Each structure stands twice: as structure tokens, then as C-alpha cells.
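# Report on the structure
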Amino acid sequence: MKRVRVCLVVCGLLFGLLSMEKVYAAGFGENKKTIKHYDGRTTMTGAPTYITFNPDYRTKDGKQSPQYRFYGGDKKFWEDFHWNEFHWYTIVPPKNPTADQQNMKKMLENNQDELGCNGRYLVSSSDCNLKKGRQDPRTRVYMGDNSGTTLITVGPYKGKHYEWRYLGYTPDGEPVDNPFFPDDYATTDTKWYTRKWVNFEQIASMGYMEKTDYDYRALSKRIQWIKEKLLPANPGLINPKKSLEENAEYYARVFSFRSDPDISTGIVTGWHNTNGSLRYVSFAMKKPIKPNLRLVEYDIYLKTDVDGDGDQDLKLIATAKRDPNDDDDIEETKKVLYNKVSRGQTYVFVAKVKNMKTGANHDTTYRPITLDHMYAFDEDALQFNDYSVVFEGAQGAKPTTPKTTIKYGETVEFRWEYTVPYTPQKKILMGASIPIGFFEKGDNIYRGDDKSEFLFDIEQEDIGLVNRIELVDVATGDVADAVIPNHTYTMRYYVKKYKGNMPVGDAKRPDKNPFASIDATVSDQVTTEKGFKDQRATQTLKKAGDVVRIEVPNAVTPKGPCVFTRVVLNAKHRTNGQSTDYSNDGPIEKRICTEINISVKGFQVKPQGIRLPYNQSSSREDLSFSFTVTNYNLEGQAKDIPFVIYKEGSVLYRGSVLVPPNKPTTYHVAVPNVSLSTGDEVFQIEVNYPNPTRKWVEYLRDGSDPYKDNVAKNTITVQKNEKPYAVCKLNHTRNTWKTTYSLYQWDGTRVYYWVPGWWEYDSKGRKVKWHSGYWDSYCRLNWTKSWTETRSHYEEYRVEHIYFRSKLTEDTAGGWVDVLQGGVAKVKAGYGFEMKIVVKYETTTRRLAPSPWTSDCSGLSVSPGWSENQAPRVVTLTMPYTDKSGEPVHYNLTPTSVSGSWDDQTITYELPLRKTFNGESARTIYVNDRAKDGVYMMQLDTMPFYGTYDKPAVNKQMCERIMIPLRIAGAYTDDLKTHITQ
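Please read these numbers as outputs of a predicted model, since none were measured by experiment. (Residues numbered from 1 in each chain as written. Predicted model: local features only at pLDDT ≥ 70, side-chain atom pairs only at ≥ 80, totals over all residues. Heavy atoms only, no water.)

### Details of the sheet that holds strand 51 (residues 875-882)
Judged by pairing direction, the sheet is mixed, and its five strands sit side by side in the order 47-59-58-51-52 without closing on themselves. Two strands lie at the open edges of the sheet, namely strand 47 (825-827) and strand 52 (888-893), each paired on one side alone. Averaged over all adjacent pairs, the angle separating strand axes in this sheet is 25°, with direction ignored. Pairing analysis gives five bridges linking strand 51 to strand 52, with the strands arranged antiparallel. Bridged to T876 within strand 52 is N892. (Pairing = 2+ DSSP bridges. Helix = DSSP H or I, 4+ residues; strand = E, 2+ residues; numbered from the N terminus. Axes fitted to C-alpha atoms, helices over the stretch in contact; angles between N-to-C directions.)

### Looking at the side chain of E621
Of note, E621 is situated in strand 36 (residues 618-632). Residue classification places E621 among the buried residues on the basis of a relative accessible area of 13%. Side chain to side chain, E621 and S619 meet in a polar contact 2.7 Å long. (Buried < 20%, exposed > 50% of the residue type's maximum accessible area, 1.4 Å probe, protein only. Polar contact = N/O pair within 3.5 Å; in protein donor to acceptor, adjacent residues only side chain to side chain.)

### Things to note about the nonpolar core
Judged by nonpolar contacts, the single largest core of 35 residues is most densely connected at F804, F833, M835, L877 and I964. Elements supplying a minimum of two residues to this core: strand 45 (774-806), strand 47, strand 48 (832-843), strand 51, strand 52, strand 54 (904-910), strand 58 (934-942) and strand 59 (961-968). Here this core takes five residues from strand 48, the largest share from any one element. Those residues in contact with M835, other than ones at most four positions away along the chain, are I802, Y803, F804, W816, L877, Y909, E910, L911, M938 and I964. Among the nonpolar cores identified, the runner-up in size contains 33 residues, and L295, I369, Y418 and I458 belong to it. (Core = buried A, V, L, I, M, F, W, Y, C linked by side-chain atoms within 4.5 Å. Contact = heavy atoms within 4.5 Å.)

### Comments concerning the sheet that holds strand 40 (residues 679-687)
Strand order across the open sheet formed by five strands is 35-41-40-37-38, with mixed pairing between neighbours. Among the strands making up the open sheet, the edge pair consists of strand 35 (609-612) and strand 38 (650-659). On average, adjacent strands in this sheet sit at an angle of 20° to one another, irrespective of strand direction. Looking at chain direction, strand 35 and strand 41 (residues 711-720) are connected through four bridges and run parallel. Of the residues in strand 41, the one forming a bridge with R611 is Q719.

### Some remarks on the domain arrangement of the chain
Its domain assignment divides the chain into domain 1 (35-285), domain 2 (293-458), domain 3 (462-593), domain 4 (596-720), domain 5 (738-788) and domain 6 (789-969). Summarising the inter-unit geometry, the C-alpha centres of domain 1 and domain 2 are found 34 Å apart. Taken residue by residue, the interface counts 22 residues in domain 1 and 17 residues in domain 2. The contact between domain 1 and domain 2 buries some 1,700 Å² in all, and 57% of this surface belongs to carbon and sulfur atoms. Looking only at domain 1, the three residues that lose the most surface to domain 2 are N84, K95 and N96, adding up to 32% of its buried area. Taken together, domain 1 and domain 2 are joined by three residue pairs in polar contact (both at pLDDT 80 or more). The element that contributes the greatest number of residues to the side of domain 1 that touches domain 2 is strand 4 (residues 77-82), accounting for four residues. Looking at the side of domain 1 that touches domain 2, its residues break down into eight nonpolar, nine polar and five charged. (Domains from an automatic or database assignment. Buried area = accessible area lost by both parts, 1.4 Å probe. Nonpolar A, V, L, I, M, F, W, Y, C, P; charged D, E, K, R; others polar.)

### Describing the layout of surface pockets
Here the largest pocket is characterised by a volume of approximately 1,600 Å³. If you go around the largest pocket, you meet 46 residues; those closest to its centre are Q102, T149, L151, R447 and G448. If you list the elements that add at least two residues to the lining of the largest pocket, you get strand 4, strand 5 (86-90), strand 8 (150-151), strand 18 (332-336), strand 24 (427-433) and strand 25 (451-458). Considering only residue class, the lining of the largest pocket consists of 20 nonpolar, 14 polar and 12 charged. Taken domain by domain, the makeup of the lining of the largest pocket includes at least three residues from each of domain 1 (35-285) and domain 2 (293-458). Surrounding the second largest pocket, 38 residues form its lining, K303, T304, Q345, M502 and P503 being those nearest its centre. Those elements that place two or more of their residues in the lining of the second largest pocket are strand 16 (293-304), strand 17 (313-322), strand 19 (340-341) and strand 20 (346-355). Here the element with the most residues in the lining of the second largest pocket is strand 16; it accounts for three residues. When its residues are assigned to classes, the lining of the second largest pocket shows 11 nonpolar, 14 polar and 13 charged. (1 Å grid on protein atoms, 1.4 Å probe; cavity = no way out; pocket = protein on both sides within 12 Å on 5 of 7 lines; lining within 4 Å. Points joined across faces, edges and corners; volume = space filled by probe spheres on them.)

### A closer look at the confidence of the model for the chain
With 94% of its residues at a pLDDT of 70 or more, the chain has an overall mean of 87. Here residues 972-982 is a poorly scored stretch, pLDDT under 50, and it has 19 contacts once near neighbours within four places are set aside; other chains count. (pLDDT = per-residue confidence, 0-100.)

### Looking at a nonpolar patch on the surface
Residues Y752, W754, W758, Y774 and W775 make up a contiguous nonpolar surface patch of roughly 650 Å² in combined accessible area. Only strand 42 (734-755) and strand 45 provide two or more residues apiece to the nonpolar patch. Here W775 lies in strand 45. (Patch = residues over 30% accessible without salt bridge, like charges linked within 9 Å, V, L, I, M, F, W, Y side chains within 5 Å. Areas by Shrake-Rupley, 256 points an atom, 1.4 Å probe, with all protein chains shown as cover. Salt bridge = Lys/Arg side-chain N within 4 Å of Asp/Glu carboxyl O.)

### A word on helix 5 (residues 244-254)
Listing the buried residues of helix 5 in full gives N247, A248, Y251, A252 and V254. Elements that come into contact with the buried residues of helix 5 comprise strand 12 (197-198), helix 3 (200-205), helix 4 (219-230) and strand 13 (256-257).

### Points about the pattern of salt bridges
Using the criterion set out here, one finds 48 salt bridges in the structure. Here E470 and R468 are joined by a salt bridge, their closest N and O atoms 3.0 Å apart. For R468, a relative accessible area of 41% gives the class partly exposed. A salt bridge links R549 to E551; its shortest N-O distance comes to 3.7 Å.

### Focus on the packing of aromatic side chains
Under the defined criterion, the tally for this structure stands at 46 aromatic pairs. Ring centres of Y121 and Y142 lie 3.7 Å apart, and the angle between their planes is 5°; this geometry places the pair in the stacked category. Of this pair, Y121 sits in the loop between strand 5 and strand 6 (122-124) while Y142 sits in the loop between strand 7 (127-131) and strand 8, placing them 21 residues apart in sequence. Within the aromatic cluster, the residues linked to one another by ring pairs are Y298, F349, Y375, F391, W416, Y418, F454 and F456. Above the plane of the ring of Y494 lies R468, whose end atom (NZ or CZ) is 4.0 Å from the centre. Geometry around Y946 places K951 over its ring, the cationic atom sitting 4.1 Å from the centre. (Phe/Tyr/Trp six-rings, centres within 6.5 Å; stacked < 30°, edge-to-face > 60°. Lys NZ or Arg CZ within 6 Å of the ring centre and 35° of its normal.)

### Looking at the side chain of S452
Inspection of the secondary structure assignment puts S452 in strand 25. Residue S452 is classed as buried on the basis of its relative accessible area of 2%. Looking at S452, its side chain comes within polar contact range of the side chain of R322, at 3.3 Å. When near neighbours in sequence (up to four residues on either side) are disregarded, S452 contacts L295, Y298, A320, R322, E332, M430, G431 and A432.

### Details of the environment of V390
With respect to the element layout, V390 can be found in strand 22 (residues 389-391). Given the relative accessible area of 33%, V390 is considered partly exposed. It is 126 Å that separates the C-alpha atoms of V390 and S786, two residues lying 396 residues apart in sequence. Setting aside residues up to four positions removed in sequence, V390 forms contacts with H373, M374 and Q395.

### Quick look at the pairing of strand 50 (residues 858-863)
In this structure, strand 42 lies alongside strand 50, joined through five bridges in antiparallel fashion. In the strand pairing of strand 50, W746 is matched with G859. Note: strand 49 (residues 853-855) against strand 50, three bridges, orientation antiparallel. Within strand 50, the position partnered with T854 by the bridge is G859.

### Observations concerning empty space enclosed by the protein
Tallied over the entire structure, the rule returns three cavities of 30 Å³ or more. Of the residues in the lining of the largest cavity, the class split is four nonpolar, two polar and four charged.

Rendered as C-alpha cells:
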């Protein structure tokens, strides 16, 4: 950006100045306000390198200068060419200042709030010396918020570009008003030659200002300064009606020179009387001619094989440039072609430094001719000038052509390489800067164009394991999905490049760029376990998504059915930055096995139900157990498999069976004299049970519990025989009768009348409460009628359905059959059956009786009325077999469902609920497996029931006895194999 050379600095009111402590340019005696230091510079007549405030200086009132009292005598103020235009001495050191060192709040004058606290564009009313942006020094136009020339580095406004009122001092220690600081009060008229200027001698005599040493210079010298440096920079001072010489002489006599224009930016202050107010204005002169070195080009290249020919090429990733011809244009243009860099990657840097043609005609004197380059990592990269690695002095970059000086107007190229270390994790700042020695020697005054920097993200390189492990049969070379004992296998693992494009694996530089590598252990979980360290790939992972395989030849010869392996990525990949996401580094484990499973099913207990006499609650029985065992294994090995049978959790029987491979085989065990008690007696068998460990290892590929199917259960239901509740000695299911009803009907009309209000009196005759009037009514009878009606009624209590189901009816009739509708109740010996008995009760005593009603003053009454009654809730089923005492077995059944109202009700009964296989419940009665073919009669009795009491008295109760033929067809052994398998 090109900077204008014309600048009006500060315009203020007189009363503002008078409120400040007076600071004089020269003290008493020969002691000057500042001490000028020319360290490293060859001449003592030019600008000093830095200044300090003199402790021996005294003001008129005998005090040390306010600056000395504030800073002390050791604080250095360094030469600064602000924005390559304004020369002064700043608190900011020239070399890599920290954020705190760049804080201009630490300048004394920026802490004095006597001036401009009501000025425009202030950031805060509590800080009168900081504004939100800059003004154009020539037009005095405000350039907008965040347009300031100073980056705020600390505090609440960190990161903003704001403008301080003061940025530096003249070599003599006078504070310089910042030309970019917006005027506190708007000034629209910049025709300064129209002002009525007051001679500075008069102002000094009034005590408003102290003259400087430069005011005592010869008039001719002052005229020369005005002509050459003031008027070209401030054309608003030129009176067009006067010659240049006349204008120069006029201002040389009225303006006070506050600094030396030959050494730094000249500042003059003038006083004018406008509308009765004495005001002052400070003007900056043309910038002094100073030598300037500029970093005009800074390029960063990736060193890589661009065209694939195997040679290292250069690929530009970032470039920065500054104007090499116009010294006033200080803007830097930057372009980033790729914003990420990779750890371990080498980059090439090319930079050019030019000794700018400023008019100084100065060749550099500082040696050696080098270029500093520096790098900041992660948090350091986000700080101000906080570098992690700096190469300077003899370690700095050298010119491509050796140089001992940079001649005026000459451009020198520098070239160097840098390999990004594995230290940075997320960010890296890469920069280059002209060494501070050129500044200290006076070869390079403006530091603002000495440095270029680029901030890059670190390419997140990452390799990791793939969740894929293969077992390779050495004999065939094929991937095996099952393990055969005593075969030799190679283990195969896979590594993937998940992020980044930096190649992993370089045969020419294996120490710098190793191939993907893993550490693994392999075991057959029987006899051997081997460890394999640093097993390497032979192919390069070139880009994200690439996968390589790593093989461990002849890794295992298992003695058992399983191979187990555990693999991790080798730790060196973390150390060298090739692995940054540790979540995919492992460990990954895999067990590859031949499926081995021992299972049991078809666990039967005979007999399945026992009925004890009424007065007996326990018994001892001889029990028969049968079960089917499957021994699955790929080896074809017959196994001697132990088993145990439990009764109610306690061991009842232990044994073992020799089971052939891969074929379900049924076994029978008889256990005599087993104690049983009423209730559900639960039996459980477990094969290959732990004692204390299991004899045979089992494994399922889906990862589920292989021992879950080693257990089966069944139940014997032991019950006391029941006394029959329902006994029907004479079938009678229906009653009929007639009832004569007396009916009386009346009709009336409601009559309304008014009840007047009245007073309520107490015992002494005094009124105590008023009762308001209201409407009331009564029914007036119009007519009545009486008569009788006779109606016929019935009631019925009967068995409506007897449903029966067994495996045989399912096979032959599709499921349930209704015995009352011709269905045959048939079952095989050893099998079970289910029954559903549906009983219906219905009466018309309510439905067909006349219905009484009322409606206000009318209605109908009926006599007699009716009452509810409840049908019985039990039936008795008598079986064709007896208990141990010879008494027939009875089941008193209670309803499993009731539907309908009391006078139209359906009641369903089912067999008792009992435990069966594996603890499941069912309403099933099992036929003895030794029962002979034939027809056996079951007897069903409904409970005798009087029925409704709203009928003439009867001497017979309703009930029903039905004989149900049970046909046993087919012996138990006919279907033995199928039955057990189910």
C-alpha cells in the first residue's frame, strides 16, 4: 500500500496544552534531555540507533524530565520508521518484540488523559489516547474502524488494528503526535495559509511553549527546511499569492521547529488566533531520506517428485511479494496454494532482499550477508514473535552468490532447505527476516518490510491397523477360515494410511522413512505362544486410503482347534509422526477356531405326571431319563462326554457317554427310588459340565456362549388326587315356566306456583332475616290404569363345546376338534393332549319381563321384578386311570375365561397348568408311554345349579354328565425317534 507523504499531525485548543505539565526541550546547563547512542554506526552526525533519557537533565523548576521519572535511565527507545514514512524513536525493540513489548500503553504520554477525552472515535471513555481506526494524514478523513496502523497485542482489544495518540519521540525526547491519530475535533478547512499565525517567539514569551535548539538555527537553514521538507508535504500552507521563498520565510519566522528535519521526520508547531481562541497545530514534514532493505520475495516450495520420474522437483505452495521499485508502497501480497505441510517433509525456500532506491545511495556495511529464518510450532505459532527454532547469524541462509555488501539498488537471492520436524502437532509458522545487524549499522531503517511469515496447518499424517487378520494355510496358500490342528499357518495383517499424503516407506532411507511395521503375538492357546517384533511391509503407503499387508511366515502350527493373535502398530510410527491417531494403532485381537460344540436336547423324564392319594404328599418312584447328545467337531473325533442330572438343583446322577462325531445320538438312564413331593419337581441335565473345569473346550464362531446348549430341563408334576366338586347324578339342563305380571301406569302434570317472601322473627318478635320468594311445583294426577300380563320364560345350563387337541389331531385334523360335534379325541401313548370345555348359561327372566319406567309425573310399575344369579364356576373331569391308592384321578377345573352378562354367560375351562420341557408351562396331560391301544372313557360333570329364583319352585337342579371317549392309537415306540428329536 502506497503511503502519502503529506501529513498534518495534531490540531488542539490552547487550554488543552495548558492543562499539561510543561516539558522543556532544553534544561539548564549543557545537559540535554536525551542521550543519543550510535552503537555500530559509523557516523555520529546521523540518526542515533537508540536514545535514553538523561538523568542529569533538569527542567526550569529543577526537576528531572517526566520521561526519565517514568522510564528511568536504562530504557532504550529505538529508531523507527513508522509505515516507512514517519521517523521517531519507539519503546518497541526492533528484533522480535514480544506481545507485551509492543504494548503502546506503556508509553508515558498514552497514559495522560488531559487532552481529548471527549474526542471522536475513542475506543473507551476511560482511555482518551486510543481510537478505533486511523485518519488519512493528508485529507484528515477517517478510514473506518479497525483500520489502525498498530496491532493491539494485549488486553481486551487484542487482535484489533487501532491507533494510539503517541507512537514515539524525536531524538531530543519530544513526544511526536501520531499523524494517523484522528483529530479530536473535526477540521474541515485545510487552507492553513488563511490562518492568523502568531510568532512562536511571542508564544514562548507568554509561557505557552519553550523554544528548542532548532529554533535558534540560522534563518536561512530554517527557510531551507520549510521549502524542502514542510511545504511539499503540506500544500495547504502555501499561499498562492506569494512566492515559494516568501511562503518559506514567513513560516520560518512564525513556526517553532520541534525536531531536527535532517535526522528524523521534522515536526513544526504553529499557533493561530481564530474567533478569539488561541489554537495550535503541529505539521509533519517530508520524510527523511533513509536507507532501506526490503524482503521483496519469499517463496516456499515442497520438495517432491511432481512428474513421477523419480527425481526431486519443486512445487510452489506459498509466495509473498513486495514492490521492489516503489519504496513508499509497503503492502505485502501473499498467496497460499496449499495450506498444509507434512512432518518429515523437506521444503525449499527462496527469498530476495533488495537495497531499495530511496535516494540515500547507500551500500550496506554490515557483515555477514545472511538472512534469518525462523519457525514456530503449535502454541508458539499463535504468539507474537515467539519462535521455536531460529537460524540467524552464521546459521542464517546464505546468498546463492557470495556477497560482502548489498549495493544500492541491488537484489540478492537467498536459498535454503528445512525439514519439518515431528515436534509440531497442529500448526507451524515459517518465516524469514532481514537480520537486525543491518538496522544497527544504519543500513536498514524501516523494519516493517523486513519479514515475511506463513502459518500452515500440519498435515495430519496417520497410519493404523485395519481390523482384518487372515490365517493362511502354508500348504495351499489359501486363506483358512477354520483351524486344522498340526497344520502350519502364516499370519497376515493389514496397515492402512488413514490421513495425509506423505509416503510411508522408502527403501533408500529406511531410517528416516521406515516401512509400515507391526508387533504381534500368536498362540494356539494350548502349548505355544510366539512374539514377532517389527514385522515390516515391503510396499510404500503413498496416499490416504492405501493399504499394505504384512505377513509373518510359518507363524504357528497349532496343537488345538484355535489360533489367537494380538497385533499393535510398531511404536516407532508414533515417534516419527507417521501415526498421530493412536486409536487405530491397536491392539487388535482375533481368535480363529474350528467350531466345536457339544449340545443336548430332547430331555425326557418318565413318568411325567404322578397322582397321589388324597392323604399322601410324597412318594418314591423309579424314573427313566432319555436325552440326545450331538458332538460336533471338524476333526471327526469321538468323545467321552461326562453328564450330570440335577433334581431341584442337587446332583441326582453322574455318568458319561461315548458320543460319535457329528451325529445326534440318544441315550437312556434309569434312576430308581427317587423321592418326589407334591408340586412341580424340576430336573436338569448338563453335558460336558464343569468339574471343576470342562473336559472339552467348545467354541462358536458367532462369539455366543458355546456352553449354553449344554443344558436342558424337564418337569414332573406331582399332585394329590382331588375329591370331585361337581357330581351330576341326573342330567337336567333346562327349565321353562310362565310368570303373570301386575302392571300399574299413571299420568300426571307438573303444576308451578309462587311462594311469596317472608320475614323470620326472633323470640322477641324482631325481624332477623328476610327469605326471598321462589317458584315451587307439584304433580297433579290426571289418570291411572292397572292390568296383568303373562309371559313365558326359560333357562338353560349346558356344555356347549368340548375341544380336544393332540399331536395326532394336529397331524390328521389340523388341530382342535370338538367332541360334541363329532370330533374324535385321539392321542398316541407317551404324548400329551389339551382340552377346552365351554359351558353356557342363559335365562330370559330379565330380557322378556315387562320393563318399568318413570318420566317426571308419569310412569309404569311392574310386579314381580327380577334378580341376578351366578352360574357355578367349577366342573370336574374324571380320568380313566387311578392314583396309587386305586381311586380315579379327578381334576376340578376352574374357569380360564368368562364372557357375557349374568343372564347370557359363556364360561371356558382348561386343563391345569404344569411345567414341561426346560421349565416352560403348558396345560397338557401326558398319556403313559406304556398305555395300550384302546378307547378309554373320561367323565365330565358340571356342578348342580338351581338357576334363577324368579320362577316357580322346582325339585330338580340343572347339571350335566358327559362321557368322553379317549382313543389311544399307536404305541409310544412307533414314533420314538421322532418324539425324542422334537
